[in-house]
Amino acid sequence: MPTETASTKPENSAPRGLEGIVATTSSICWIDGDIGVLSYRGIDIHELAAHSTFEETTFLLWFGHLPTQVELKDFRQKLCDARALDWRVVEFLKQIPPKSNPMEVLRTAVSLMGISDPDDKDSSAAANTRKSFRLTAQIAMVVAIFDRLRRKLPIIDPDRSLSHAGNFLYMLTGERPIHEAERAFDVALILHADHELNASTFAARVIAATLSDVHSAITGAIGALKGPLHGGANEAVAKLLTEIEAAHTDPVEHVRGMLSRKEKISGFGHRVYKTEDPRATHLRAMSKDLSTAAGNTRWYDMSEAIEQFVRGEKMLNANVDFYSASTYTTLGIPTDLFTPIFAVSRISGWAAHVMEQHENNRLIRPRADYTGPAYPAPYIPIQDR
C-alpha cells in the first residue's frame, strides 16, 4: 500500500458503488427504504399518484410547493407552448436509420436541441427554467416522432389542449387516448418523476456542478439512463414475458429454470428498498386494471405468477420496472421505448436537481481510495524492462 500522509489520504474508504454514501443535501426527494417510503418535497408518492397530475407534480419538484389553481394553469400553458421542435432537430430525426437505438437517438437529439435553444448562451436561473419547460415538452416529442418515422407513419402535430401524458400518447399512436389510458400513463409519469440520487440524476448534478449548460447535464443523464443496470430493466422484463409466451411454457417453471442456471430475473430487488418499492404497488394495480379493460390479462397473469414465485423462493420484492413492462405493453408502447419513456418522466426530476445544484453550487470532486503500487514506485528505463 502507498505511504500517505493524513492530509493526502481520503478520510474514509468508500464502498463499491458508493452504497450508503451521502453525497449532497437535497430538499427534492426523500426515501426510507426500510419501510418503503418515497416522497417528493415531503408528500407521499401514494398521495400524488392518487390525486395529482404530472404537471402539478413537476411544479412541485421544480418550485418546492404545490401550485395554486392560477399557478398550475400558467405552468400547463407554458409547457403546452413549449411543444415545438426546431426544424433542424426534426430533419435529424428524419435522417436517422429506423433500426437505431431510441436512447441513442434521444441522447443526440437533446444535445442538438441545446445548440438551437433560444437561451443557448444564457445560464441564468430564469433561462434554465425556460429550458426546463422546453426539454420536458421536447423530449416527449422526440420519442414519439422518432417512433412514427421509423414505422413510416406521418408525424402527428402536438395538441395543446391535451395533458402532457395525453399529448404524448396522441403523438405516438395518432389517436386521442381514452381517459383510462391517459390517466394510467399520467400516474406512471408521476411515479418515475424523481428518485433521489440515482445514477442519471447524480450524473446530471456532477455536470451541472461544473456550471455547464442544462442540455449538457440532461444529455449526460440520458447517457447514464441508457445503461441496462439503470433504465433498461423494464425492457428485460418485457423480453422475459415475450419469451415465455412464445415458448408456450409455464411462467413459474420458466423462471425456476432460470434460477437453477443462476440467471438474473429482472424487475426484482432494489439497492435502496428493503421492502416493496412503493411505485410497484401502483403499477401492479394499473397493469391489472388496464389489461382487464383491454380484455387480455395474459401479461398481467404471467407477471403475477412470477412475482409470487420469486417472492417465495428468493424473498425479493417486485420493483418499479417489473409491472411497468406489462403496463406499457398494454398501452401499446413498443418495448424499446420503455427506457426513453423513463426519460420523458425523469426530465422533471433531472431539471429540479440541476436547478437545486446551481442554487448553492460547489464543484463535485470526490477522492479515490488508492489501491495501486506503493509510492514511490521506481521508474525503470525502457532498456532495462
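Every value quoted in this text rests on a predicted model; they were computed, and no experiment measured them.

## Some points on the overall build of the protein chain
Right, so step 1: On a plain count of helices and strands, the protein chain comes out with 16 helices and three strands.
Right, so step 2: A compact globule built from 385 residues would reach a C-alpha radius of gyration of about 21 Å, and the protein chain, at 22 Å, matches this within 12%.
Right, so step 3: Each principal axis of the C-alpha atoms in the protein chain carries an extent, and together these give about 70 × 55 × 45 Å.
Right, so step 4: Expressed as a percentage of contacts within the protein chain between residues at least 6 apart in sequence, the contacts between residues at least 24 apart total 74%.
Right, so step 5: When the accessible surface of the protein chain is totalled, it reaches about 19100 Å², and 54% of it is carbon and sulfur.
Right, so step 6: Charge-centre separation for the protein chain: the mean point of 42 positive side chains lies 5 Å from the mean point of 48 negative side chains.

## Considerations on the pairing of strand β2 (residues 37-40)
Right, so step 1: Every second residue of β2 is oriented toward a common face, with Val-37 and Ser-39 on one face and Leu-38 and Tyr-40 on the other, all of them buried.
Right, so step 2: For strand β1 (residues 29-32) and β2, the ladder comprises four bridges, and the chain directions are antiparallel. For Trp-30, the partnering residue across the bridge sits in β2 and is Ser-39.
Right, so step 3: The turn linking β1 back onto β2 is made up of four residues, and Gly-36 within it adopts a positive phi angle of 75°.
Right, so step 4: Pairing analysis gives two bridges linking β2 to strand β3 (residues 43-44), with the strands arranged antiparallel. Paired with Tyr-40 across the two strands is Ile-43, which belongs to β3.

## Observations concerning the nonpolar core
The tendency in soluble globular proteins is for nonpolar side chains to be buried side by side.
Right, so step 1: In terms of nonpolar packing, the biggest core is built from 101 residues, with Tyr-40, Leu-106, Phe-168, Phe-185, Ile-218, Ile-306 and Ile-333 touching the most fellow members.
Right, so step 2: Those residues in contact with Leu-106, other than ones at most four positions away along the chain, are Ile-139, Val-142, Val-143, Ile-222, Pro-340 and Ala-343.

## Quick word on the confidence of the model for the protein chain
Right, so step 1: Per-residue confidence for the protein chain averages 92 on the pLDDT scale, and 97% of its residues sit at or above 70.
Right, so step 2: Every residue in residues 1-7 scores below 50 in pLDDT, and together they form nine contacts with partners more than four places removed in sequence or on other chains.

## Observations regarding the sheet that holds β2
Right, so step 1: Pairing in this open sheet of three strands is antiparallel, and the strands run β1-β2-β3 from one edge to the other. Each of the sheet's edge strands pairs with one partner strand only, and the pair in question is β1 and β3.

## A short note on the packing of aromatic side chains
Right, so step 1: By the definition in use, this model includes 13 aromatic pairs.
Right, so step 2: Where Trp-62 meets Phe-63, the ring centres are 6.3 Å apart and the plane angle is 80°; that geometry is what we call edge-to-face.
Right, so step 3: Residue class for Trp-62 comes out buried when judged on its relative accessible area of 5%.
Right, so step 4: Phe-63 gets classed as partly exposed once you look at its relative accessible area, which sits at 35%.
Right, so step 5: One Lys or Arg, Arg-176, reaches over the ring of Tyr-170 and ends 4.4 Å from the middle of that ring.

## A look at helix α10 (residues 214-225)
Right, so step 1: Over its twelve residues, α10 runs 16 Å from end to end, which matches the ideal 16 Å to within 8%, given 1.5 Å per residue.
Right, so step 2: The complete set of buried residues in α10 reads Val-214, His-215, Ala-217, Ile-218, Thr-219, Ala-221, Ile-222 and Leu-225.
Right, so step 3: Against α5 (102-116), α6 (125-150), α9 (199-209) and α16 (338-359) lie the buried residues of α10.

## Focus on α16
Right, so step 1: Over its 22 residues, α16 extends 32 Å from the first C-alpha to the last, a length consistent with the 32 Å expected when each residue adds 1.5 Å.
Right, so step 2: Residue Arg-346 marks the point of greatest curvature in α16, where the axis turns by about 45°.
Right, so step 3: Burial analysis of α16 places 20 of its 22 residues in the buried class, which makes it a mostly covered element.

## Looking at the side chain of Arg-205
Right, so step 1: Tracing the sequence through the fold places Arg-205 in helix α9.
Right, so step 2: Classification of Arg-205 by relative accessible area gives buried; the value is 3%.
Right, so step 3: Within the structure, the side chain of Arg-205 is placed 2.9 Å from the side chain of His-353, a separation counted as a polar contact.
Right, so step 4: Setting aside residues no more than four positions away along its own chain, Arg-205 makes contact with Thr-24, Thr-25, Ser-26, Leu-197, His-353, Glu-356, Gln-357 and Ile-364.

## Re the pattern of salt bridges
Right, so step 1: The final tally for this structure, using the stated rule, is 22 salt bridges.
Right, so step 2: Between Arg-88 and Asp-86 there is a salt bridge, with the nearest N and O atoms lying 2.8 Å from each other.
Right, so step 3: Here Asp-86 falls in the partly exposed class, since its relative accessible area comes to 22%.
Right, so step 4: Among the ionic pairs, Arg-298 bridges to Glu-245, the shortest N-O distance being 2.1 Å. With Arg-298 in helix α14 (residues 298-314) and Glu-245 in helix α11 (residues 233-247), this pair connects stretches of sequence that are 53 residues apart.

## Comments concerning the packing of α14 against helix α15 (residues 320-330)
Right, so step 1: Taken N-terminus to C-terminus, the directions of α14 and α15 make an angle of 175°; their axes are 10 Å apart at the nearest point. Classified by the angle between their axes, α14 and α15 sit roughly antiparallel to one another. Contacts from Trp-299, Tyr-300, Ser-303, Glu-304, Ile-306 and Glu-307 in α14 reach Phe-322, Tyr-323, Ala-325, Ser-326 and Thr-329 in α15.
Right, so step 2: Of the residues in the contact of α14 with α15, the class split is six nonpolar, three polar and two charged.

## Things to note about the side chain of Thr-339
Right, so step 1: Looking at the element boundaries, Thr-339 is found in helix α16.
Right, so step 2: Discounting chain neighbours no more than four positions away, the residues touching Thr-339 are Met-103, Leu-225, Gly-231, Gly-232, Asn-234 and Glu-235.

Conventions we followed
Residue numbering note: each chain is counted from 1, following its sequence as written. Given that this is a predicted model, residues contribute local features only at a pLDDT of at least 70 and side-chain atom pairs are listed and counted only at 80 or more, while totals for whole chains, interfaces and linings are drawn from all residues. Based on all heavy atoms of the structure, the side-chain values leave hydrogens and waters out of the count. Helix and strand definitions here come from DSSP, where helices need a minimum of 4 consecutive H or I residues and strands a minimum of 2 consecutive E residues; each element is numbered from the N-terminal end. Computation of the radius of gyration draws on C-alpha atoms alone. For the globule rule, the value is 2.2 Å times the number of residues to the power 0.38. Whether two residues are in contact is decided by their heavy atoms: any pair within 4.5 Å suffices. What sets the accessible areas is the Shrake-Rupley method with a 1.4 Å probe; for residues, cover comes only from the shown protein chains. Note on charges: Lys and Arg go in the positive column, Asp and Glu in the negative column, and His and the chain ends are not counted at all. Taken as the charge location is NZ of Lys, CZ of Arg, CG of Asp or CD of Glu. Remark: exposure states derive from per-residue accessible area (1.4 Å probe, protein chains only) relative to the maximum for the residue type, with buried under 20%, exposed over 50%, and partly exposed in between. Here, a strand pair is defined by DSSP locating no fewer than two bridges between the strands. Nonpolar cores are built from buried Ala, Val, Leu, Ile, Met, Phe, Trp, Tyr and Cys residues. Side-chain atoms within 4.5 Å join them into one set. pLDDT expresses, on a scale from 0 to 100, how confident the predictor is about each individual residue. Each Phe, Tyr or Trp ring, with Trp reduced to its six-membered ring, pairs with another whose centre is within 6.5 Å; inter-plane angles below 30 degrees give stacked pairs, above 60 give edge-to-face pairs, and intermediate values give tilted ones. Sitting over a ring, as applied to charges here, requires NZ of Lys or CZ of Arg to be within 6 Å of the ring centre and within 35 degrees of the ring normal. The span you would expect from a helix comes to 1.5 Å times its residue count less one. The bend at a residue is defined as the angle formed between two axes, one fitted to the seven residues ending at that residue and one fitted to the seven starting there. Any N or O atom pair separated by 3.5 Å or less is treated as a polar contact, with the protein-specific requirement of one donor-capable and one acceptor-capable atom, and with residues adjacent in sequence counted only for side-chain atom pairs. Here, a salt bridge means any side-chain nitrogen of Lys or Arg that lies within 4 Å of a carboxyl oxygen of Asp or Glu. Here an angle of 0 to 180 degrees is reported between the N-to-C directions of two axes, which are lines fitted to C-alpha atoms, with helices fitted over the stretch in contact. In these notes the angle categories are as follows: under 35 degrees is roughly parallel, over 145 is roughly antiparallel, 65 to 115 is roughly perpendicular, and the rest is oblique. Note on residue classes: Ala, Val, Leu, Ile, Met, Phe, Trp, Tyr, Cys and Pro are nonpolar, Asp, Glu, Lys and Arg are charged, and everything else, Gly too, is polar.

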